[in-house]
Amino acid sequence: MSMAVVILFTTMPCFSADSPEVKATAIKFIMAMGGVVISTFVIFLGLTIYNKLFVERKNIKFNQDDSLTTPNTVEDAVIFFVKKNKLR
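So, a few notes on the structure that sits alongside this text. Here the residue index of a chain counts from 1 through its sequence in written order. Side-chain atom pairs in this predicted model are given and counted only at pLDDT of 80 or more, local residue features only at pLDDT of at least 70, and totals for whole chains, interfaces and linings cover all residues. Side-chain numbers come from the whole structure's heavy atoms, not from hydrogens or water.

Here we come to the overall build of the protein chain. Numbered from the N terminus, helices here are DSSP runs of H or I no shorter than four residues, and strands are runs of E no shorter than two. A count of helices and strands for the protein chain gives three helices and zero strands. Traced from its N-terminal end to its C-terminal end, the protein chain shows the element sequence α-α-α. Burial classes follow relative accessibility: with a 1.4 Å probe on protein chains only, a residue under 20% of its type's maximum area counts as buried, one over 50% as exposed, and anything between as partly exposed. Counting the 88 residues in the protein chain, one finds 3% classified as buried.

So, in structure tokens, the structure goes:
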């Protein structure tokens, strides 16, 4: 079945590689993909600049007592949850 599709598409003049329609479509596709690449870089650079200028860095100090070890009891688990989420 796939061989029939390949033969059909390669023998039809509108699907041949030398057809002006195929060249025009390929050029439009390449231009669209170029626009995608350019807009991706613009968004990336914009977000990078925004993060450097407007987002405040939080320095988190690691405390050995607050490590991610598994609590032994339910009470320890609740206390750990409350401390981590600053609910007090």
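Moving on, there is more to tell.
Another point: the packing of aromatic side chains. Classification of ring pairs uses Phe, Tyr and Trp, with its six-membered ring standing for Trp, and accepts pairs whose centres are within 6.5 Å; under 30 degrees between planes counts as stacked, over 60 as edge-to-face, and the remaining range as tilted. Overall, the coordinates contain one aromatic pair when judged by the stated rule. Where Tyr-50 meets Phe-54, the ring centres are 5.4 Å apart and the plane angle is 40°; that geometry is what we call tilted. Taken together, the positions of Tyr-50 and Phe-54, both in helix H2 (residues 20-54) and four residues apart, correspond to about one turn of that helix. Overall, Tyr-50 belongs to the partly exposed group, its relative accessible area being 44%.

From the geometry alone we can't say anything about function, so treat these as descriptive.
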